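# Results of the structural survey
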Amino acid sequence: MAREQGQKMVAQNKKARHDYAIEDTFEAGLVLQGTEVKSLRMGRASLVDGFVDIDRNEAWLHGVHIPEYSQGTWTNHAARRKRKLLLNRVEIDKIERRVSEKGLTVIPLSLYFVNGRAKVEIGLAKGKKHWDKRHSIAERTAKREVEQAVGRRLKGMRD
């Protein structure tokens, strides 16, 4: 069987970028069971309720939903089990220190395959207040209106 090349996106946590201010990101490998990999290759996963916990110098991914593989038998996995993240000791120490000092949280941002290996992008995040969310929506709307006006002007249309 030919080895996969490139990157294949499985799932993204779009709500996380809306609800949190992402300060730093890390790429981590995942320890998966066989049917989990097959289910991910079908593009089925949800990162909505996911979070990362550091326990005894190991990083664990909780709350990520990878549904059972449809052709799986008694060897099928549990949909919401905790999964170990593969990070360097230095990265784990850095994450743990920043979470304890600044009161940040660690959330999964995206789940993808790189050259056939499952990876998860995790982010150190700080929760946004309600007015922060409104402010970022207003900035996004203003930017979109400017781009539309420039596009209309380039096409020779009136404003």
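Cut-offs applied
Residues numbered from 1 in each chain as written. Predicted model: local features only at pLDDT ≥ 70, side-chain atom pairs only at ≥ 80, totals over all residues. Heavy atoms only, no water. Helix = DSSP H or I, 4+ residues; strand = E, 2+ residues; numbered from the N terminus. Polar contact = N/O pair within 3.5 Å; in protein donor to acceptor, adjacent residues only side chain to side chain. Pairing = 2+ DSSP bridges. Axes fitted to C-alpha atoms, helices over the stretch in contact; angles between N-to-C directions. Contact = heavy atoms within 4.5 Å.

## Some thoughts on the side chain of Glu 36
One can find Glu 36 in helix α2 (residues 34-41). At a separation of 2.7 Å, a polar atom in the side chain of Glu 36 contacts the main-chain amide nitrogen of Gln 33. Polar contacts involving the side chain of Glu 36 include one to the side chain of Arg 83, which spans 2.8 Å.

## Quick notes on the sheet that holds strand β5 (residues 83-86)
With antiparallel pairing, the 7 strands of this open sheet are ordered in space as β1-β6-β7-β2-β5-β4-β3. Edge positions in the sheet fall to β1 (7-12) and β3 (51-55), since each of these pairs with one other strand and no more. For this sheet, the mean inter-axis angle between neighbouring strands, taken without regard to orientation, is 40°. Bridging between β3 and strand β4 (residues 58-62) involves 5 bridges; their strand directions are antiparallel. Within the sheet, the bridge partner assigned to Val 52 lies in β4 and is Leu 61. Strand contacts of α2: β1, β5 and β6 (105-114), with the helix running at about 80° to β6, the strand carrying the most contacts. Sitting on the sheet, helix α3 (residues 89-102) touches β2 (20-30), β3, β4, β6 and β7 (117-127), and the angle it makes with β2 is about 150°.

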